[in-house]
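Spelled out from the first residue to the last, the chains are:
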Amino acid sequence: MANSTLSSSVNRPVVWTIAGSDSGGGAGIQADLLTMNDLGCHSCSVISCVTAQSSVAVNLVEAVSPQMFQSQLDTLLHDLPPVAIKIGLLANQSQVLMLASWLRETLAEHCKQAGIEVSVILDPVMFATCGDNLNSSLDFSPFKNLLTLITPNITELAALVEIKAKPDPAMSEAESFLVDQADCVLAAEQLSEQLNCHVLAKGGDLGPTWLRDCAQDIFVCSEAKGSSTFHQGRTFLLSGPRINSDNTHGSGCTLSSAIASVMGQGYVLHDAIVVAKAYVTAGIAASFQPGSGAGTLARTSWPSDLILYPSISALDSGPSLPDSIKFKPIVERLGLYPVVADLKLLHSLLETGAKTIQLRIKEGLADDIEQQICSAIQLGRDYKAKLFINDHWQLALKHGAYGVHLGQEDLYTADLTKIASAGIALGVSSHSYFELLLAHQIAPSYIALGHIFPTTTKVMPSKPQGLNKLSRYVELLGSHYPLVAIGGIDESKLEAVKHTRVHDIAVVRAITQAGDPAGAFRMLAQKWEVCNATV
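So, here is what we can say about the structure in this document. Computed from a predicted model, the values in this text were never measured in an experiment.

1. Description of the overall build of the protein
Stage number 1. Secondary structure assignment for the protein yields 17 helices and 18 strands.
Stage number 2. Counting the 535 residues in the protein, one finds 55% classified as buried.
Stage number 3. Intrachain contacts of the protein at a sequence separation of at least 6 include 68% that bridge at least 24 residues.
Stage number 4. With an accessible surface of roughly 21,900 Å², the protein has 51% of that area assigned to carbon and sulfur atoms.

2. Let's talk about the packing of helix 9 (residues 343-352) against helix 10 (residues 366-382)
Stage number 1. Put simply, helix 9 and helix 10 touch, their axes get as near as 10 Å, and they point 5° apart. By the angle between their axes, helix 9 is roughly parallel relative to helix 10. Where helix 9 approaches helix 10, its residues Leu-343, Leu-346, His-347 and Leu-350 are matched on the opposing element by Gln-372, Ser-375, Ala-376, Leu-379 and Gly-380.
Stage number 2. Here the residues of the contact of helix 9 with helix 10 sort into five nonpolar, four polar and no charged.

3. Looking at the pairing of strand 7 (residues 198-201)
Stage number 1. The side-chain alternation of strand 7 yields two buried faces, one formed by His-198 and Leu-200 and the other by Val-199 and Ala-201.
Stage number 2. Pairing of strand 6 (residues 149-150) with strand 7 involves two bridges; the strand directions are parallel. Considered in strand 7, the bridge of Leu-149 is made with His-198.
Stage number 3. Relative to strand 8 (residues 215-220), strand 7 runs antiparallel, the two being bridged by three bridges. Within strand 8, the residue paired with Val-199 across the bridge is Val-220.

4. Observations concerning the packing of aromatic side chains
Stage number 1. A complete count under the given rule lists twelve aromatic pairs for this structure.
Stage number 2. Each ring, one from Tyr-337 and one from Phe-388, has its centre 6.1 Å from the other, and the planes form 40°; the classification is tilted. Here Tyr-337, found in strand 11 (residues 337-340), pairs with Phe-388, found in strand 13 (residues 386-390); they are 51 residues apart in sequence, far enough to count as distant.
Stage number 3. Overall, Tyr-337 belongs to the buried group, its relative accessible area being 1%.
Stage number 4. Taken together, a centroid distance of 5.2 Å and an interplanar angle of 85° make the contact between Tyr-433 and Tyr-473 edge-to-face. Placement of Tyr-433 in helix 13 (residues 433-440) and of Tyr-473 in helix 14 (residues 466-477) is noted, with a sequence separation of 40 residues between them. Each member of the pair, Tyr-433 together with Tyr-473, is buried.
Stage number 5. Directly above the ring of Phe-453 sits Lys-493, whose terminal nitrogen or CZ lies 5.2 Å from the centroid.

Rules of the game
Residues numbered from 1 in each chain as written. Predicted model: local features only at pLDDT ≥ 70, side-chain atom pairs only at ≥ 80, totals over all residues. Heavy atoms only, no water. Helix = DSSP H or I, 4+ residues; strand = E, 2+ residues; numbered from the N terminus. Buried < 20%, exposed > 50% of the residue type's maximum accessible area, 1.4 Å probe, protein only. Contact = heavy atoms within 4.5 Å. Areas by Shrake-Rupley, 256 points an atom, 1.4 Å probe, with all protein chains shown as cover. Axes fitted to C-alpha atoms, helices over the stretch in contact; angles between N-to-C directions. Parallel < 35°, antiparallel > 145°, perpendicular 65-115°, else oblique. Nonpolar A, V, L, I, M, F, W, Y, C, P; charged D, E, K, R; others polar. Pairing = 2+ DSSP bridges. Phe/Tyr/Trp six-rings, centres within 6.5 Å; stacked < 30°, edge-to-face > 60°. Lys NZ or Arg CZ within 6 Å of the ring centre and 35° of its normal.

As structure tokens, this is what we get:
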């Protein structure tokens, strides 16, 4: 439902591709335009060069004139300014310098006047899928401080960063480069520092032996560049399924243009990368072979099958989540779920009929907090309700709470193994695809999705998610966990929220700031049940 709503929208975000034309139709401008339109964007193109290319060879690459290259950029910016830009094949160093200057001066001035930021994704196309050298000698250093992300494959990473290779018996001497995962991590981190941007080092192509069991990418999230999530400054390994197919022509172009498209839809970089990786996996699985060489990816719309998405693990010395852990499942609906900070109000709502409730105490003396939590847990037992304690997992364990609710940051400091072993249910907050995938890896009891609408309850690390994103999250994980929408939900929004097929909702201000909180709970609970019965 979410996909059709977005695809029919007349307000599609404008995303540009700056790349070469592939006469064979599998990569370059052609692949980018297909991808961007498939993912709900209006695509514009700046052609850097024309190639005489098929699925088996690249016979000629001819750059457009400097005047034409510059004119395309300026003409589009005047009428169709982008929210994201993908850069692919650049024909020569002059184009690199010209484009870097345009980004630094013309685009930067436009962004300053419009009060916006434009994401810029560079796919340093240096070699064709067929193996032909397109332009391996380009110097991309003029792009320093101008890029959001660069997406080299392992071959390109070796050309961009000089690291001594180690021999691999399974590879020829000519292929023996960046064999060790540690070498690739070091190279990606050096490239991130050199260009001051995030790096996604792609391992989808069959290279060193450590890459051959699954499609693994190294994601260096530059702390200097900044990010809208607390995962900045980290290095991750993204491991996805490897599809047994040679039809990978244009997979790099598709990945980078998909990242630009997803960011154009308002998602953060972390989300864009995992969605784009799933999109490419689906495209290879449904690929076809129009010529005698490597075939072409299919365009399969927004990926909603969880199996397509990568698992996420840390490659740095930072905290990581435990493996092989699973929490107490919740098989019944949670219903309307109040979140309160007051013991008296909690008691009143339990008395009114709340069957799921959360105590969220952020401040106070340690002894007082413990006493409130102890009393709340006993009230939960008395009323046979699912009482979740926010953050204070040690006290929840000590006093035998039904469940604990943790934010993403708290997952790395809490003893998740101990919580799971105690048989206590776990709820996890999530604000993005990336965080949903991390939550999925520890199999929580339920996942809270938010904040959906603007809220003043607390300072949020992200923008409101909105109903379109909520629909997509439900489509991805709705058959795996109870999903609870939270953030700015009141009576006027109940029906719209339920149309996303989310299972239940959590409310804060709609109850805590009501003149009659118990009455507000009864009214909202009744209307939510009506929504569940009619939607």
